[in-house]
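Observations on the three-dimensional arrangement
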Amino acid sequence: MLRVLRRLSVNVLKASSVCNKCICCRWSRMIIVKRLKSQECHERNYSFPPVGDVKSLRSIITPPISKIRNIGIMAHIDAGKTTTTERMLYYSGYTRALGDVDDGDTVTDFMAQERERGITIQSAAVTFDWKGYRINLIDTPGHVDFTVEVERSLRVLDGAVAVFDASAGVEAQTLTVWRQADKHHIPRICYLNKMDKNGASFTYAVDSIKQKLKTKPLLLQLPIGEAKAFKGLVDVVTMEQIIWHPTSNLDDGKVFEQKPLMETTHPELFKEVKDTRNALIEQVADLDDEFAELVLGDFSENFDLLPPDKLQSAVRRVTLAQKAVPVFCGSALKNKGVQPLLDAITMYLPAPNERSYDFLPWYKDDLCALAFKVLHDKQRGPLVFIRIYSGTVKPQSAVYNINKNCTERMSRLLLPFADQQIEIPSLMAGNIALTVGLKQSATGDTIVSSKASAVAAARRAGREVGRKPDSESEVDNLVLAGVEIPEPVFFCTIEPPSMAKQPDLNNALNSLQREDPSLKVKIDPDTGQTILCGMGELHIEIIHDRIKREYGIETYLGPLQIAYRETILNSVQATDTLDRTIGDKRHMVSIQLGVKPWVGERSLITPLIEYTDSFIEPLEKDIKEAIENGINYSYLQGPLLGFPVQDVVVTLYSMTAHSETSLPMISACVSRCMQKALKKASKQLLEPLMNLEITVSEDHLTAVLGDLAQRRGSIQEIQSRQDNKVVVAAVPLAEMMGYSTVLRSLTSGSATFTLELASYQAMNIQEQNVLLQKKSGLV
Ligand SMILES: Nc1nc2c(ncn2[C@@H]2O[C@H](COP(=O)(O)OP(=O)(O)OP(=O)(O)O)[C@@H](O)[C@H]2O)c(=O)[nH]1
């Protein structure tokens, strides 16, 4: 019973975050407390130090670069990423027992909140070996509030396994992570998990991959049975069947039977596999000329004679070229299909040296690495994860951070195994490492061996594009593309229990912000209160919880509020003059500028700044910077409610300044003039519009649709997914506060939903007025 309740509480929490007040959520919390107690006895089971027949982390092999795989596991929430990772560690010999998400004892979900809630919150890196290959794997979260974790992992990975719930196919967040992988040009393979689940359908899942992800699935396996009847799979390339027989009480899936599929014993399955193989060969031949030539030349009469390794090599080429994605299946929970998936990772996903990076030749064999994640360790200070692209990293060495323009000392070098690490003497290109001692480096920073090596690389880069080999300023061009951080949509005030605790809270928030770039902290200029800005209700709740557990500070959160934006609807001009004498210096500056709405497809988060022809002489760099700082500063706080401004073009008509005027005075005058112009214009509030996807049974559909209509929701599509309906809608975020509770009561807890920012849309005038009055305390 407790197990059922536990699972229920996990599902409730996974659907979205939980409000502070309602009874249902308090009920969930009570269950969690029980659950925590029951977990106190749980031991970590990752092998450190070695126990019995379990491999030691120190025995990790160091193969040549061609046998390294840096991969990520990505999917919609709950598809089974952590369970699959857990099985991989077990089968590769690094854990003694199979961890279970529902029991809160998996290796990669090691944070207390992850274990309690049964969800992944932060990406975790583990390294293990499989048949002579070293696999550096990152398990990423599926919840949309932690999407930046996926983004920064994908930035440094060479390949990815997309995991699907075979009964649900492509779900909302799968689309998001798929697009992220597209952006980073990551070759991937698909794993249809949960083949044992009621409603699991291989054909349905493959169709949804084809239709929703607009990609070409290559069927390299077929399941033997589905749902309760699922017992194994057939390798379409080799025509072998792989069956997991329940062998002992353990039934851990380590032992399986692999033998050729015989037409005599399985005539129907044999025919289906043969047809699938023939279709696969044709499909791959269409995508790969070398393979087409081979097939047409030697095997056109009989595809059966085509050697499996030739087909595998061709599949590998089309996967690396991202022309198609191989599809595999299994059930991680029921211990079926994970070993063939590991084989597929080594066989079809690229080695680091098979990815092309245009910056690599600039460094020759010098160090070039990207910092992609920071963890704060109370004893050791910041731990910085780096991906090494070229050269070798050694502890006790100085490195140069190009973004921060500083040299830092790396005291120790570690290999990450979820929350454990082992010290290593060096690590070469193509790997992922954890460093101790880098105090300035943050997510997205480029790390090289020295300033001199950065200058040398800049010269090589300059020569390549025909620029004159130049000075150190060229070094800026070497900064690797960082990690895109989405803008937060929620915010709330946070207060310490007493003023004396404010410095501790500030320190905690500084450390948390270094770890999590999607968390923004600012000070309200009017009230002086600290404001937390996050990606969603769950994100803010987790941060609140971490401050308490990890830093021992009990804080109070104000009500959650929506992060609106502001824009203007017409063009206006403004002038301003600042004339001040400070000491014996006269600071005098006059500005004339105009603002107008931006009309373009993509939103302008930063202002587009234009200079008219009156600026005949190019402005000095520092004066230009001072002007732009002033404009950017006023862009942060709009004239209506102080929310950031977007979609505005700024035109500078003139600027005159006394020779003694300081740069901050120029910025201050520009900023004041901008504020005047924005105030003068007709103003518009923009609100976050969310993509909402609800999976609900037919019985509860009407109730859910009726409720959505009252939330200003517009239904875009109602799809059928096995026995359920999937409602796709767009709804203003303001209408979605506490939605998990409402949906739970409408559907007796049977529906789930995901919410993701779509865009900012203009509020209609009545709603804008109501909001303005509410904020000014008039209603
Ligand atoms: N029936 C079935 N359930 C599975 C399977 N794999 C995982 N599950 C269950 O699905 C739930 C989610 O599993 P996780 O491994 O946490 O999924 P996840 O994708 O890592 O979840 P997030 O990281 O929180 O997005 C758990 O209850 C698992 O026990 C499977 O193969 N079959």
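Named according to an unreviewed UniProt entry, the protein chain is Ribosome-releasing factor 2, mitochondrial originating from Pelodiscus sinensis. Comment text from UniProt for the protein chain, heading Catalytic activity (unreviewed entry), reads "GTP + H2O = GDP + phosphate + H(+)".

Considerations on the sheet that holds strand β31 (residues 648-657)
As summarised here, the arrangement of the four strands in space is β28-β29-β31-β30, forming an open sheet in which the pairing is mixed. What marks the edges here is a single partner per strand, and that holds for β28 (572-582) and β30 (608-611). Pairs of neighbouring strands in the sheet enclose a mean axial angle of 25°, with direction left out of account. Along the sheet, helix α16 (residues 621-635) makes contact with β30 and β31, crossing β31 at roughly 135°. Docked against the sheet, helix α17 (residues 663-680) engages β28, β29 (585-597) and β31, running at close to 150° with respect to β28.

A look at the environment of Glu487
Mapped onto the fold, Glu487 is located in the loop between α13 (451-464) and β22 (490-495). In this structure the C-alpha to C-alpha distance between Glu487 and Ile243, which are 244 residues apart in sequence, comes to 48 Å. Discounting residues that sit within four places of it in the chain, Glu487 has contacts with Lys520, Met535 and Arg565.

Some points on the pairing of strand β1 (residues 68-75)
In terms of burial, β1 is a largely internal element, eight of the eight residues being buried. Here six bridges tie β1 to strand β3 (residues 133-139), and the two strands are oriented parallel to one another. What sits directly across from Ile68, in β3, is Arg134. Of the pairings in the sheet, the one linking β1 to strand β4 (residues 159-165) comprises five bridges and is parallel in character. Note that in β4 the partner of Met74 across the bridge is Ala162.

Side note on the nonpolar core
In this structure, Val161 and Leu192 are the most contacted members of the largest nonpolar core, which totals 85 residues. In terms of residues, this core owes the most to one element, helix α8 (residues 267-287), which gives eight residues.

Some points on the packing of aromatic side chains
Tallying each qualifying case throughout the model produces 10 aromatic pairs. Plain terms: the ring middles of Phe372 and Phe385 are 5.7 Å apart, the flat faces sit at 50° to each other, and that makes the pair tilted. With Phe372 in strand β12 (residues 368-377) and Phe385 in strand β13 (residues 381-390), this residue pair connects regions lying 13 residues apart in the sequence. What makes Phe372 buried here is its relative accessible area of 1%. Taken together, the ring pairs connect Tyr357, Phe359 and Tyr389 into an aromatic cluster. Above the plane of the ring of Trp178 lies Arg188, whose end atom (NZ or CZ) is 4.5 Å from the centre. The ring of Tyr760 carries Arg565 above its face, with NZ or CZ at 4.1 Å from the centroid.

Here we look at the sheet that holds β12
Reading across the sheet, the eight strands line up as β16-β15-β21-β12-β13-β20-β17-β18 and stay open at both edges, with antiparallel pairing between neighbours. Only two strands of the sheet have a single partner each, and these edge strands are β16 (406-410) and β18 (420-423). Across the sheet, the axes of successive neighbouring strands diverge by a mean angle of 40°, strand direction being ignored. In the sheet, β13 pairs with strand β20 (residues 432-436) via five bridges, with the strands oriented antiparallel.

Concerning the pattern of salt bridges
Applying the stated criterion across every chain yields a total of 31 salt bridges. Arg380 serves as the salt-bridge partner of Asp377, at 3.3 Å between the closest nitrogen and oxygen. By relative accessible area, Asp377 is classed as buried at 17%. Overlapping salt bridges, with partners in common, bring together Glu687, Arg712, Glu735 and Glu767 in one network.

Concerning α8
The terminal C-alpha atoms of α8 lie 30 Å apart, and with 21 residues this matches the ideal 30 Å at 1.5 Å per residue to within 8%. Residues of α8 that are buried: Leu269, Phe270, Val273, Thr276, Arg277, Leu280, Ile281, Val284, Ala285 and Leu287. Summarising the contacts, the buried residues of α8 are in contact with β6 (217-219), β7 (221-224), β8 (232-235), α9 (289-298) and α10 (308-320).

Observations concerning the domain arrangement of the protein chain
Domain boundaries assigned for the protein chain yield domain 1 (65-348), domain 2 (359-465), domain 3 (490-558), domain 4 (565-681) and domain 5 (686-776). Taking only C-alpha atoms into account, the centre of domain 1 sits 39 Å from that of domain 3. Contact with domain 1, which involves 12 residues of that partner, is made by 14 residues of domain 3. Together domain 1 and domain 3 conceal approximately 1,100 Å² of surface at their shared face, both sides included; 53% is due to carbon and sulfur atoms.

Re the side chain of Arg188
Relative to the helices and strands, Arg188 resides in strand β5 (residues 188-193). In this structure Arg188 comes out as buried when scored by relative accessible area, which is 5%. Within the structure, Arg188 has its side chain in polar contact with the backbone oxygen of Trp178 (distance 3.2 Å). Each residue touching Arg188, except ones within four places of it in the same chain, is listed here: Met74, Ala160, Trp178, Ala181, Asp182, Thr319, Gln322, Val325, Pro326 and Leu349.

Concerning the packing of α16 against α17
Close contact between α16 and α17 brings their axes to 7 Å; oriented N to C, the two are set at 40°. Judged by the inter-axis angle, α16 sits oblique to α17. The two elements α16 and α17 cross, and the hand of that crossing is right-handed. In this structure, α16 uses Asp622, Ile623, Ala626, Ile627, Asn629, Gly630, Ile631, Tyr633, Ser634 and Tyr635 to contact α17, whose residues at the interface are Leu663, Ile666, Ser667, Val670, Ser671, Met674, Gln675 and Leu678. Residue composition of the contact of α16 with α17, grouped by class: 11 nonpolar, six polar and one charged.

Quick notes on the packing of α9 against α10
Any two packed helices are characterised by the angle at which their axes cross and by the distance between the axes. Remark: α9 packs on α10, axes separated minimally by 9 Å, with the N-to-C direction vectors making an angle of 155°. Of the possible angle classes, the one that applies to α9 and α10 is roughly antiparallel. Seen along the crossing, α9 lies across α10 with a hand that is left-handed. Contact residues: Glu290, Phe291 and Leu294 in α9; Lys310, Leu311, Ala314 and Arg317 in α10. Along the lines of polarity and charge, the residues of the contact of α9 with α10 split into four nonpolar, no polar and three charged.

What counts, and at which threshold
- Residues numbered from 1 in each chain as written.
- Predicted model: local features only at pLDDT ≥ 70, side-chain atom pairs only at ≥ 80, totals over all residues.
- Heavy atoms only, no water.
- UniProt positions renumbered as here; feature names shortened; annotations may be inferred.
- Pairing = 2+ DSSP bridges.
- Helix = DSSP H or I, 4+ residues; strand = E, 2+ residues; numbered from the N terminus.
- Axes fitted to C-alpha atoms, helices over the stretch in contact; angles between N-to-C directions.
- Contact = heavy atoms within 4.5 Å.
- Buried < 20%, exposed > 50% of the residue type's maximum accessible area, 1.4 Å probe, protein only.
- Core = buried A, V, L, I, M, F, W, Y, C linked by side-chain atoms within 4.5 Å.
- Phe/Tyr/Trp six-rings, centres within 6.5 Å; stacked < 30°, edge-to-face > 60°.
- Lys NZ or Arg CZ within 6 Å of the ring centre and 35° of its normal.
- Salt bridge = Lys/Arg side-chain N within 4 Å of Asp/Glu carboxyl O.
- Expected span 1.5 Å × (residues − 1).
- Domains from an automatic or database assignment.
- Buried area = accessible area lost by both parts, 1.4 Å probe.
- Polar contact = N/O pair within 3.5 Å; in protein donor to acceptor, adjacent residues only side chain to side chain.
- Parallel < 35°, antiparallel > 145°, perpendicular 65-115°, else oblique.
- Left-handed = near helix turned anticlockwise from the far one by under 90°.
- Nonpolar A, V, L, I, M, F, W, Y, C, P; charged D, E, K, R; others polar.

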